[in-house]
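Here is how the chains run, residue by residue.
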Amino acid sequence: MARQVLLFISLLAVGSVLGQVSYTIPEEMTKGSLVGNIAQDLGLQIKRLTSGKARIYARDTDQYVELNRERGVLLVKERIDREALCKQTTPCALHFQIILENPMEFYTVTVQITDINDNAPTFKKTKIIFKISETALIGAKFVLERAVDLDVEMNSVQSYELKPSDNFALKLHSNSDGNKNVEMVLQKPLDREKQEQISLVLTAVDGGEPQMSGTMQILITVLDANDNAPVFTQQTYKATVTENSLKGTIVATVTASDADQGSNSKITYSITNAADDDTRIFEINEENGNVVLIGIIDYEKSRNYQINLLASDDGGLTDSCKLIVDVQDVNDNKPEINIMSKSAVISEDANLNTVVTMINIEDKDSGENGKVQCFMSDNVPFELRASSNNFYTLVTDSDLDRERASEYNITVTCSDEGVPSLSSSVTLTLQITDINDNAPIFKMKDMVFEISESAVKGSKFILEKALDSDVGINGLKSYSLNPTDNFALKLNDNTDGGKEVEMVLEKPLDREKEEQLTLTLTAVDGGEPQLSGTVQIHVTILDANDNAPVFTQSTYKSSLMENSPRGTQLITVTATDKDEGTNGFVTYSISNNIDGIFDLFEIHETSGEVRLIGNVDYETSKHYQLNIKAKDQGGLSDSCKIIFDITDVND
Ligand SMILES: *[C@@H]1O[C@H](CO)[C@@H](O)[C@H](O)[C@H]1NC(C)=O
């Protein structure tokens, strides 16, 4: 079995169509027969076929050939009957694509099916009858039915033979469609008186190997006189009909005349086409010659028809002519959009020009009616690119961002250029998957707290939460706080499913040691690599009255001369308080009123300066002890003693 392999590898602008390969096989091969070693011919590894889930994409003929990925070969899947597949069309071929994913690409494969001689020529009728006048002239022509052979080229009908050949010879006219019209021509006058019935056999043979043939019997009854045959006004008539015309439409009218009189000039019209199809589409009114449409005319199936017409008079003389009917296309087919392959999801970091969908367009109409342009929705980061004829790829043409749009509905509309134009559209939905391209962020630049140093252990302070636009593991994961000397971090589950972030006082604060604390709150996500965001927490520690005034000495000693004048400044005591404001504002007072001390001494409430306000007399008392109390405004106090020794003067 001869197998031809033609291989073209071409790199096109869009990398998805990589090449094409063509095979030729005869029809009728058994199931499982090898069509071609596709992996080798396309230069693909078997691995790539398996990993790319290589498969056949075919519009309507995918039942015939299958792809064996493991062996990298194309096999016959079902017996191919060329006649069923292509009728008389040559060459007869299957067209399909091999589609691969990851990355998406496709190859075009053509399998040409060659004919084998599996059909014999056949005649529609096994017998035809002629009534021919004995006056028929030498050269009188009688149209015979031609044989049909479903095979093509050499396997179709090649020649005819008529036997016996005493009175008639065969004449073949080649037709423009490649078929032959068969006529029998009178060679030797008939003589009814000698032979009233003549029986002939017409044999059609094809040129196949082995040769096949079919026969038809021709019975001739020889009649008396009728010496004029009908004559058509034209040998070839032409007509035009638009497809989808209604049944009953008169396509053409043919006329023949006959110079005889009476029944010898009564003309009957008929269609003599052998091909079954044509007689089911047209009918001729046998009396008036109107050719009427009785079937469906579809430009997409057949663009013209050749109708062979016969005019016969009752005397059996005939003439033949041809009617050629051209079919005109109307725009009756919408473009068809076929998704060859598509991705439903794509990562937001996909490269530019990543192929997400491959589309094939077909419009059965021809000319402008079949010329198709495709467009897609605006304002999406995708572009529709035309690759080879009627193939489009949808590719990314700018950056994707899941945080901006996580889903796209892309509508592709294809319109033909007919009037009016017909169009179809499909909507493709594409999900964008997340990558970790956003760090957690805090809205505030800083968080500020004022916390009293009296705040108790366990006090809670709600912190601002971070936001991360990514989702899933790329979203916000956890927090940490630094330093952790005074505060611990606590996360609480919120009713809305989120977390509440709190800082909990663990070790009491002491304003007197530190007035300001700065902490850093860090939020991290779970992505790879991990991203983070921070915010500063400024804590101002507010004072509490936790310190009492303290005298610099617990006992002050001083001496004083008797008879010192009133108003004498004696000593100044000082108590300090580490607190601030009123908590640290100290006032002094004398707390013991014995021996008339209140009449003799006075202390300045705020300066702590002690002055003499009465007369001291050595002879009355040699010592005075003052108890001094220092008190802050929060109520804490300390006390000290001042001991004055009175010195004597000579009074
Ligand atoms: C896409 O279409 C689907 C179905 O009509 C709809 O539910 C969805 O909201 C659409 N998405 C966008 C981004 O328009």
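Values in this document were obtained by computation on a predicted structure and should not be read as measured data. (Residues numbered from 1 in each chain as written. Predicted model: local features only at pLDDT ≥ 70, side-chain atom pairs only at ≥ 80, totals over all residues. Heavy atoms only, no water.)

Peer 1: Explain the environment of V501 to me, please; I cannot follow it from the model alone.
Peer 2: Locating V501 in the fold gives a position in strand β37 (residues 499–505). In this structure V501 comes out as buried when scored by relative accessible area, which is 1%. On a C-alpha basis, the gap between V501 and K465 in space is 6.4 Å, while along the polypeptide they are 36 residues apart. Once you skip the residues sitting within four places of it in the chain, V501 turns out to touch F461, I462, L463, K465, Y479, L489, K490 and L491. (Helix = DSSP H or I, 4+ residues; strand = E, 2+ residues; numbered from the N terminus. Buried < 20%, exposed > 50% of the residue type's maximum accessible area, 1.4 Å probe, protein only. Contact = heavy atoms within 4.5 Å.)

Peer 1: Is there a simple way to think about the confidence of the model for the protein chain in this case?
Peer 2: Regions with low pLDDT carry predicted coordinates that are not meant to be interpreted in detail. Looking at the protein chain, pLDDT values average 89 and 95% of them are 70 or higher. Below a pLDDT of 50 lies the segment residues 1–16, which in the model reaches 39 contacts outside its immediate sequence neighbourhood of four places, other chains included. (pLDDT = per-residue confidence, 0-100.)

Peer 1: Explain the domain arrangement of the protein chain to me, please; I cannot follow it from the model alone.
Peer 2: By convention, interface size is frequently given as the accessible area that disappears when the constituent parts associate. Here the protein chain is described as being made up of domain 1 (9–114), domain 2 (127–223), domain 3 (231–328), domain 4 (336–433), domain 5 (446–542) and domain 6 (550–647). For domain 1 versus domain 5, the separation of C-alpha centres amounts to 65 Å. (Domains from an automatic or database assignment.)

Peer 1: When you look at the UniProt feature "domain: Cadherin" (unreviewed entry) in the protein chain in this model, what are you seeing that I'm missing?
Peer 2: When the UniProt feature table is mapped onto this chain, "domain: Cadherin" (unreviewed entry) is found at residues 48–123, 124–232, 233–337, 338–442, 443–551 and 552–651. Counted over residues 338–442, helix gives 0% and strand 50%. Its end C-alpha atoms are 49 Å apart. Taken end to end, residues 552–651 comprises 4% helix and 44% strand; its first and last C-alpha atoms sit 36 Å apart. (UniProt positions renumbered as here; feature names shortened; annotations may be inferred.)

Peer 1: I would appreciate a short explanation of the side chain of N331 in the present structure.
Peer 2: Positionally, N331 belongs in the loop between β24 (318–328) and β25 (336–342). Look at N331 and you get buried, because its relative accessible area is 15%. At a separation of 2.9 Å, a polar atom in the side chain of N331 contacts the side chain of D416. Separated by 3.0 Å, the side chain of N331 and the backbone oxygen of P420 make a polar contact. Apart from the residues lying within four places of it in its own chain, the contact partners of N331 are D365, N369, D416, G418, V419, P420, S421 and L422. (Polar contact = N/O pair within 3.5 Å; in protein donor to acceptor, adjacent residues only side chain to side chain.)

Peer 1: I'm lost on the nonpolar core in this one. Help?
Peer 2: One broad trend across soluble globular proteins is that nonpolar side chains are buried collectively. L74, F96, V109 and V111 are the most contacted members of the largest nonpolar core, which has 28 residues in total. If you list the elements that add at least two residues to this core, you get β2 (17–26), α1 (38–42), β5 (65–68), β6 (73–76), β7 (92–100) and β8 (105–114). When sequence neighbours within four positions are dropped, the list of residues in contact with V109 reads V21, Y23, I38, L74, L94, H95, F96 and I98. (Core = buried A, V, L, I, M, F, W, Y, C linked by side-chain atoms within 4.5 Å.)

Peer 1: Can you walk me through the sheet that holds strand β30 (residues 391–396) in this structure?
Peer 2: Sheets are built from strands that pair by backbone hydrogen bonding, the pairs being arranged parallel or antiparallel. An order of β25-β27-β30-β29 is seen for the four strands of this open sheet, with the pairing classed as antiparallel. Each having just a single partner strand, β25 and β29 (382–386) make up the two edges of the open sheet. Taking the axes of each pair of neighbouring strands and ignoring which way they run, one obtains an average angle of 25° across the sheet. (Pairing = 2+ DSSP bridges. Axes fitted to C-alpha atoms, helices over the stretch in contact; angles between N-to-C directions.)

Peer 1: Sorry, what's going on with unusual backbone geometry here?
Peer 2: Note: most peptide bonds trans; most residues except glycine with negative phi. P164 follows K163 through a cis peptide bond whose omega is -10°. Mapping P164 onto the fold places it in the loop between β11 (157–163) and β12 (168–174). For the bond running from E528 to P529, omega is 0°, close enough to zero to count as cis. Within the secondary structure, P529 is located in the loop between β38 (516–525) and β39 (532–542). If you check the backbone angles, N379 has positive phi at about 60° while not being a glycine. Here N379 lies in the loop between β28 (372–376) and β29.

Peer 1: In this structure, what is going on with the state of the cysteines? I would like to understand it.
Peer 2: Covalently bonding the sulfur atom of one cysteine to the sulfur atom of another cysteine gives a disulfide. As enumerated under the stated definition, the model contains two disulfides in all. The side chain of C86 participates in a disulfide bridge whose partner is C92; the two sulfur atoms lie 1.9 Å from each other. What sets the handedness of the C86 and C92 disulfide is the S-S torsion sign, and at about 70° it is right-handed. Of the two residues examined, C86 and C92, each falls in the buried class. Between the sulfur atoms of C374 and its disulfide partner C414 the distance amounts to 2.1 Å. Disulfide C374 to C414: torsion about the S-S bond roughly 105°, handedness right-handed. (Disulfide = S-S within 2.5 Å.)

Peer 1: Would you take a moment to explain the pairing of strand β48 (residues 637–647) for this structure?
Peer 2: Here is the key point about a regular strand: its side chains alternate between the two faces of the sheet. Summarising the sheet, strand β41 (residues 555–561) and β48 pair through seven bridges and their orientation is parallel. Paired with T555 across the two strands is K641, which belongs to β48. Across nine bridges, the pairing between strand β47 (residues 623–631) and β48 is antiparallel. Across the sheet, Q625 pairs through a bridge with I643, a residue of β48. Between β47 and β48, which follow one another and run antiparallel, lie five residues, and G635 among them has a positive phi close to 100°.

Peer 1: Would you mind going over the pattern of salt bridges with me for this structure?
Peer 2: Any two side chains of opposite charge can pair, so long as their charged atoms come close to each other. The tally for this structure, following the rule as stated, stands at 15 salt bridges. Taking the shortest distance from any N to any O, the salt bridge between K163 and E161 comes out at 3.6 Å. Residue classification places E161 among the partly exposed positions, given a relative accessible area of 41%. Here R402 ties to D434 by a salt bridge, and the two come within 3.0 Å at their closest N and O atoms. With R402 in the loop between β30 and β31 (407–416) and D434 in the loop between β32 (423–433) and β33 (446–452), the pair connects residues that are 32 residues apart, well separated along the chain. (Salt bridge = Lys/Arg side-chain N within 4 Å of Asp/Glu carboxyl O.)

Peer 1: Sorry, what's going on with the sheet that holds strand β18 (residues 250–253) here?
Peer 2: What the three strands build is an open sheet, ordered β18-β22-β21; its pairing is antiparallel. Strand pairing shows two members of the sheet lacking a second neighbour, β18 and β21 (282–284), which therefore form its edges. The mean angle between the axes of side-by-side strands here comes to 20°, regardless of whether they run parallel or antiparallel. Alignment of β21 against strand β22 (residues 290–293), held across three bridges, turns out to be antiparallel. Within the sheet, the bridge partner assigned to F282 lies in β22 and is L293.

Peer 1: What exactly am I supposed to notice about the pairing of β24 here?
Peer 2: Counting buried residues along β24, nine of its eleven residues qualify, which places the element largely inside the surrounding structure. Judged from the seven bridges that link them, strand β17 (residues 236–242) and β24 form a sheet pairing that is parallel. Counted as the bridge partner of K238 is I324 from β24. In this sheet, β24 lies alongside strand β23 (residues 304–313) in antiparallel orientation, the contact comprising nine bridges. Its bridge partner being in β24, A311 is matched across the sheet by D319. Hairpin connection from β23 to β24: four residues lie between these consecutive antiparallel strands, with G316 at a positive phi of about 95°.

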